[in-house]
Amino acid sequence: MRPPSAPERRGIKTLVPESLLDIAARKVAEKWPFQRVEERFERIPEPVQRRIVYWSFPRSEREICMYSSFNTGGDESGASGENGDETRLPFRRGIALLESGCVDNVLQVGFHLSGTVTEPATPSEPEVVCSVAISFDRCKITSVTCGCGNKDIFYCAHVVALSLYRVRRPEQVKLHLPISETLFQMNRDQLQKFIQYLITVHHTEVLPTAQKLADEILSQNSEINQVHGAPDPTAGASVDDENCWHLDEEQVQEQVKLFLSQGGYHGSGKQLNLLFSKVREMLKMRDSNGARMLTLITEQFMADPRLALWRQQGTTMTDKYRQLWDELGALWMCIVLNPHCKPEQKACWLRQLKKWNGVDVCPWEDGNHGPPPPSPLHNSPTDSASRPHRTVFTRAIEACDLHWQDSHLQHIISNDLYTNYCYHDNTENSLFDSRGWPLWHEHVPTACARVDALRSHGYPKEALRLAIAIVNTLRRQQQKQLELFRAHKKDLLHKGITSITNLEGWVGHPLDPIGTLFSTLMEAGRGDEDSSSGGFLDFSEAPKMQLFPSSPRFLEEGESFLALAVETALMGLGQQRIMPDGLYAQEKVCRNEEHLIAKLQEVDLDDTLVKIFRKQAVFLLEGGPYSGLGELVYRESVPMHTFAKYLFTSLLPHDAELAYKIALRAMRLPVLESTAPSGDMSRPHHIVSVVPNRYPRWFTLSHIESQQCELASTMLTAAKGDGRRLETVLESIQKNIHSSSHIFKLAQDAFKIATLMDSLPDITLLKVSLELGLQVMRMTLSTLNWRRREMVRWLVTCATEVGVYALDSIMQSWFTLFTPTEATSIVATTVMSNSTIVRLHLDCHQQENLASSARTLALQCAMKDPQNCALSALTLCEKDHIAFETAYQIVLDAATTGMSYTQLFTIARYMEHRGYPMRAYKLATLAMAHLNLSYNQDTHPAINDVLWACALSHSLGKNELAAIIPLVVKSVKCATVLSDILRRCTLTTPGMVALHSRRNSGKLMSLDKAPLRQLLDATIGAYINTTHSRLTHISPRHYSEFIEFLSKARETFLMAHDGHIQFTQFIDNLKQIYKGKKKLMMLVRERFG
């Protein structure tokens, strides 16, 4: 007995090698259509046929999962259940049906698989048995039918269950050769018996067809007799058949059309994005249906009726819809850059893209109807006026001119060991750097589009190699640019001008070059990419070696792919680039920048990364016109506030000085500067635009300003407790921020930080807060701002926290900060309130000084704006006799010219309340001179003031009443008001409630003598005039109201000595003059005779 072998001793099962027949059959089944096999060999032995048929069915579940769910998620079986996404339901349900024994009657006849799948009964549905039929060819399912009538892009659960049954249990499937082979073995009698039995079993379905075919075969001239042989649906594909997985084109079109019609509602945008992801998934698996599916999607997008409507109305499409078009363009770019596509395939795609590109409603690349940017395939800008508008397909059309035949490019992407240490060409476009590492010089977005295409088509190793070459090229360029700028720095700074070096920014670019490089390197660092895919090119003679993670090439010592990814992102974000035209393009710049920074924030900084941050920060500060943080920036280049905030927070714990340098340099916003300073080169300064008179349409300016504000706030927070830093940050804010609302926010932020509950107030930061608040006051003093009142109140609170000297200071210089109304009604009033005195712990001397400043302010305001400030001034000066008298005199001086009766009545009532009735009377008479009440203003708000003024005069005495009545008669023409005053004057004796112990005779005033006679006559006259005025336009519905009015008039007439006679004559006159109004006059006669 032989001893056990080493593998057996270790318990490892010995694998039996495959037979040569199986190996050959498997290769033939993968690559050759069965017709070619039949044509090549006159007679194929049955065992060989059986193995070819056996191996022709797909062996991987990955594709089946792809065609029955939106995402494979890397789980081959898809049954993990970790992903709760219901869109994966068909694949998961198919597995459940298979595992619960619902698949039966499985039969494989040639290249055709059939079976039944039983859908178990549910409380609401009975059991359903579905007949499933699948055709396949060269390891791909080419057609499916199912009795369930599934209408969807993806395979139903029953097709999945039957397919997986064949993949997982091939030995349990009864396998037969194609039916034509079986028939070939039958003699005539057997064939006749076979046909008759077939017709008998299915006579209702096939009898008409059988008879028709029999008639045609018996007819010598029929078409069927002109063809040699007969079709066999189980015999596999012909030579001309396209070998691709089954895709229901009609359903793809219907689904996309449905999603588009929903306009982004009901999750349709998400569904469309999932379809795009499915296209990328197909491309990655090198499935030709990727391009086919994208063509179907694009046709539906182009047929969207909203495109024509938007173009006609001149409106822009929604942001989410616009992003879908961007993804469409990017996917076409990937497809045409497929490194292994055939020329005729590319030519076909180019024709299709040009056709779409030529349609009027085809969306433009920048989402805007402005001038197009330069071509992406060339660095030098061309005459934009001579070129047509660039659409979302233009870049894909241009990419059709690109090829992969460059030998240097092929060496880069196919070989980990491609170096040239003897290469000494140090020119700008050298193929290797000084270390002998390969470089790739191409328009950066285009080069990165190649990387994206390689990744998309399942070539992760090749994509990584090219990405590293591109990043090393960018690093070298950055170093060269720095050296160039240092050499000419003095010259450039002296001129004080710069030009933009990148008309197309990398961040926010339609091809997202930096995002592509970052993702490629990060995935390599995590080992995410599937390294099992086939090689790109086979010509390389270099020995194959393991992929980078275990033996990285072209990285500095100790450097990782993560570090390279971070450095790439920092280079891209720091690039000086011009702000693109159009709302969408500008929003995209902001969105992409924030997305990239969010990805960076997920990375934990170690010592290596901090070194990279330091290195890039220095490059950015000293990079001149190549850097968005250089000393010279183009007026309309994209601001760096968001990026600088990220750099600041990242560098602060490691190198505070550098962090502040970056943040302070980034604070500028040159697009809002009208001129650039000159001469002083010690500070970073702003450069005038090449077109200084053009104010660019920066649609995202408000967002940019808010980011600038966020950066400043971050610095203020960090600088708490450091007086020198706070002073520098304050200077930067005052110099660079132009929005009052943002400065106010910063002032509030500084105040909150300075007065945190868990610590003593930071007086330096409080002073910064106050300084910013004062700047806001000055900026908004002469402009309308709905938050102005809030701002003033806040400033007083802030000054209170700073101390009494701050309050005194703002009152001393009130005219540069506040309107007179604000100064008196808010500032001075708050300063003199008890809460302020308590908060500041003031002694009597300090209280008096503060009150003196407040009174001085109040009098100055009253002089400047007596209408709005006089009352506040009087109130504030109550405790100081001289100041109060001064304020009263200001009111008297202004009464005859600038003050309204409402203001004078208000002050008069205040005087009465304070115990100055004669002054109140004086002001009331001045107010009456400004008043004019017409006959129909019986609800005028001033009526109460008039009644109060008359009551005040009556209480003071006969003389005062006699003096005011002529003013009342002159100003008031409303009969009801006059009669009310008249009645009140006759009820009591004048002066009975007078102040200052004045006495009179105690007799009621006579209506036959002045001044009441004058008032009575005026009242009667007012009633007469009002009556005639009302009768001019009276309608029947007002008759009863008019009769009541006449009743009140009679009461007033009767107060006169001969009032009865006057009223009778008045009524007779009415009946005579208005006799045409018969119904009304009848009512008058009934009531008054």
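Residues numbered from 1 in each chain as written. Predicted model: local features only at pLDDT ≥ 70, side-chain atom pairs only at ≥ 80, totals over all residues. Heavy atoms only, no water.

A word on the overall build of the chain
- Across its full length, the chain holds 46 helices and five strands.
- Within the chain, the proportion of its 1089 residues that are buried is 49%.
- A fraction of 72% describes how many contacts in the chain between residues 6 or more apart in sequence connect residues 24 or more apart.
- Summed over its atoms, the accessible surface of the chain is roughly 54100 Å², and 53% of this surface lies on carbon and sulfur atoms. (Helix = DSSP H or I, 4+ residues; strand = E, 2+ residues; numbered from the N terminus. Buried < 20%, exposed > 50% of the residue type's maximum accessible area, 1.4 Å probe, protein only. Contact = heavy atoms within 4.5 Å. Areas by Shrake-Rupley, 256 points an atom, 1.4 Å probe, with all protein chains shown as cover.)

Concerning helix 46 (residues 1078-1088)
- Taken as a whole, helix 46 has its buried residues at Leu1080, Met1081, Val1084 and Phe1088. For helix 46, the arc enclosing every buried residue in end-on projection is 95 degrees, short of the 170-degree limit, so these residues lie on one face. In helix 46, those exposed residues whose orientation departs by more than 90 degrees from the buried face are Lys1078, Lys1079 and Glu1086.
- Considering only its buried residues, helix 46 is in contact with helix 43 (1012-1032), helix 44 (1039-1053) and helix 45 (1059-1073).
- Of the residues trailing helix 46, Gly1089 is marked for its positive phi of about 85 degrees. (Arc of directions from axis to C-beta.)

Points about helix 31 (residues 788-802)
- Given a rise of 1.5 Å per residue, 15 residues ought to cover 21 Å, and the 21 Å separating the end C-alpha atoms of helix 31 matches this to within 8%.
- Next to the buried residues of helix 31 lie helix 29 (740-754), helix 30 (763-780), helix 32 (804-812), helix 33 (820-831) and helix 34 (834-840).
- Looking one or two residues past helix 31, Gly803 carries a phi angle of roughly 145 degrees, positive in sign. (Expected span 1.5 Å × (residues − 1).)

Some points on the pairing of strand 1 (residues 103-109)
- With five bridges connecting them, strand 1 and strand 2 (residues 112-119) associate as antiparallel partners. When the sheet's bridge partners are listed, Asp104 is paired in strand 2 with Thr116.
- The loop that links strand 1 with its antiparallel partner strand 2 comprises two residues; one of these, Gly110, has a positive phi angle of about 60 degrees.
- In this structure, strand 1 lies alongside strand 5 (residues 174-176), joined through three bridges in parallel fashion. Bridged to Val109 within strand 5 is His176. (Pairing = 2+ DSSP bridges.)

Topic: the side chain of Gln478
- Relative to the assigned elements, Gln478 resides in helix 20 (residues 460-495).
- With sequence-adjacent residues up to four places away left out, Gln478 is seen in contact with Met571, Gln616 and Phe619.

As for the environment of Thr1027
- Within the element layout of this structure, Thr1027 appears in helix 43.
- The class for Thr1027 is buried, based on a relative accessible area of 0%.
- In the structure, Thr1027 is positioned 15 residues away from Phe1042 in sequence and 8.4 Å away in space, judged by C-alpha atoms.
- Among all residues touching Thr1027, those that are not within four sequence positions of it are Phe1042, Phe1045, Leu1046, Phe1066 and Leu1070.

Some words on the sheet that holds strand 2
- Strand order across the open sheet formed by five strands is 4-3-2-1-5, with mixed pairing between neighbours. Every other strand in the sheet has two partners, leaving strand 4 (140-146) and strand 5 as the edge strands with one partner each. On average, each strand axis in the sheet is tilted by 20 degrees relative to the strand beside it, whichever way the strands run.
- Strands in contact with helix 4 (residues 46-55) are strand 1, strand 3 (128-137) and strand 5; relative to strand 5, the strand with the most contacts, it is inclined by about 120 degrees. (Axes fitted to C-alpha atoms, helices over the stretch in contact; angles between N-to-C directions.)

Notes on the nonpolar core
- Grouped together as the largest cluster of nonpolar side chains are 204 residues, with contacts concentrated most on Leu716, Phe818 and Leu923.
- Dropping the residues within four chain positions of it, Leu923 is found in contact with Tyr888, Val891, Leu892, Leu904, Ile907, Ala908 and Met911.
- Counting residues in hydrophobic clusters, the runner-up holds 95 residues, among them Ala29, Ile134, Met282 and Leu337. (Core = buried A, V, L, I, M, F, W, Y, C linked by side-chain atoms within 4.5 Å.)

Some points on the packing of aromatic side chains
- Scanning all chains against the criterion turns up 24 aromatic pairs.
- With a centroid separation of 5.6 Å and an interplanar angle of 35 degrees, the aromatic rings of Trp356 and Phe393 are classed as tilted. Taken together, the positions of Trp356 in helix 16 (residues 343-357) and Phe393 in the loop between helix 16 and helix 17 (394-399) put the pair 37 residues apart, joining distant regions of the chain. The same class applies to Trp356 as to Phe393, namely buried.
- Within the aromatic cluster, the residues linked to one another by ring pairs are Phe276, Phe301, Trp310, Tyr321, Trp325, Trp332, Trp356 and Phe393.
- Looking at Arg306, its charged tip hangs above the ring of Tyr321, at a distance of 4.5 Å from the centre.
- Over the ring of Phe1045 we find Arg1030; its NZ or CZ atom is 4.8 Å from the centre of that ring. (Phe/Tyr/Trp six-rings, centres within 6.5 Å; stacked < 30°, edge-to-face > 60°. Lys NZ or Arg CZ within 6 Å of the ring centre and 35° of its normal.)

Describing the packing of helix 29 against helix 31
- Across the interface, helix 29 lies against helix 31 with an axial gap of 11 Å and an inter-helix angle of 35 degrees. Judged by the twist between their axes, the crossing of helix 29 over helix 31 is left-handed. Of helix 31, the residues touching helix 29 (which contributes Phe744, Ala747, Gln748 and Phe751) are Glu790, Met791, Trp794, Thr797, Cys798 and Glu801.
- Here the contact of helix 29 with helix 31 is built from residues that sort into six nonpolar, two polar and two charged. (Left-handed = near helix turned anticlockwise from the far one by under 90°. Nonpolar A, V, L, I, M, F, W, Y, C, P; charged D, E, K, R; others polar.)

Points about the confidence of the model for the chain
- Per-residue confidence for the chain averages 82 on the pLDDT scale, and 86% of its residues sit at or above 70.
- Confidence, expressed as mean pLDDT per element, reaches its minimum in the chain at helix 1 (residues 6-9) with 44 and its maximum at helix 25 (residues 641-651) with 97.
- Segment residues 1-11: pLDDT under 50, and four contacts once partners within four positions in sequence are set aside and those in other chains are kept.
- Note on residues 529-552: pLDDT is under 50 here. Beyond four places in sequence and across chains, it has 49 contacts. (pLDDT = per-residue confidence, 0-100.)

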